[in-house]
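# Chains, contacts and geometry: an overview
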Amino acid sequence: VIQPLTSDHKKNWGLERWAQMIRTLKTLEPQCQVIVLGAPQEQQQLQSLILQLKATHVDVSLAILSLEGAYSL
């Protein structure tokens, strides 16, 4: 489970960096399941990350959850 965005924008690493890291992870561990976690207000940004990864044949899932849902996951 990866949470690429924070509520403090200066702490964000950048979605392109996360995309590269996820591609590398899936190359090294092809059987791993990657779930990108985000809050409802981050859905649009994260959906673009998911589409970018899927365009390069990297299978990832998106989980838009509340804080309680994220804790459960």
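Rules behind the numbers
- In every chain, residue numbers begin from 1 and rise along the written sequence.
- Residues qualify for local features only when their pLDDT is at least 70, as the model is predicted, and side-chain atom pairs are given and counted only at 80 or more; totals for whole chains, interfaces and linings, by contrast, use all residues.
- To get the side-chain values, take all heavy atoms of the structure and skip hydrogens and water.
- Note on conventions: DSSP H or I runs of at least 4 residues are helices, E runs of at least 2 residues are strands, and numbering of each starts at the N terminus.
- Think of it in three bands: with a 1.4 Å probe and only protein chains considered, a residue is buried below 20% of the maximum accessible area for its type, exposed above 50%, and partly exposed in between.
- We call a set of buried residues a nonpolar core when its members are Ala, Val, Leu, Ile, Met, Phe, Trp, Tyr or Cys and they connect through side-chain atoms within 4.5 Å of each other.
- The criterion used for residue contact is that any of the two residues' heavy atoms lie within 4.5 Å.

## Side note on the environment of glutamine 43
Looking at the element boundaries, glutamine 43 is found in helix H2 (residues 43-55). The exposure class assigned to glutamine 43 is partly exposed, which follows from its relative accessible area of 39%. Along the chain, glutamine 43 and leucine 65 lie 22 residues apart, while their C-alpha atoms are 9.7 Å from each other.

## Re unusual backbone geometry
With a phi close to 65 degrees, histidine 57 is a non-glycine residue in the positive phi region. Mapping histidine 57 onto the fold places it in the loop between H2 and strand E2 (60-64). The class for histidine 57 is exposed, based on a relative accessible area of 74%.

## Examining the nonpolar core
Core analysis: the biggest nonpolar cluster contains 13 residues, and Ile22, Val36, Leu49, Leu53 and Val60 have the highest contact counts within it. Of all the secondary-structure elements, those providing two or more residues to this core are helix H1 (15-28), strand E1 (34-38) and H2. For this core, the element with the highest residue contribution is H2, accounting for four residues. In this structure valine 36 touches Ile2, Pro4, Ile22, Leu46, Leu49, Ile50, Ser61, Leu62 and Ala63, once residues within four positions along its chain are discounted.

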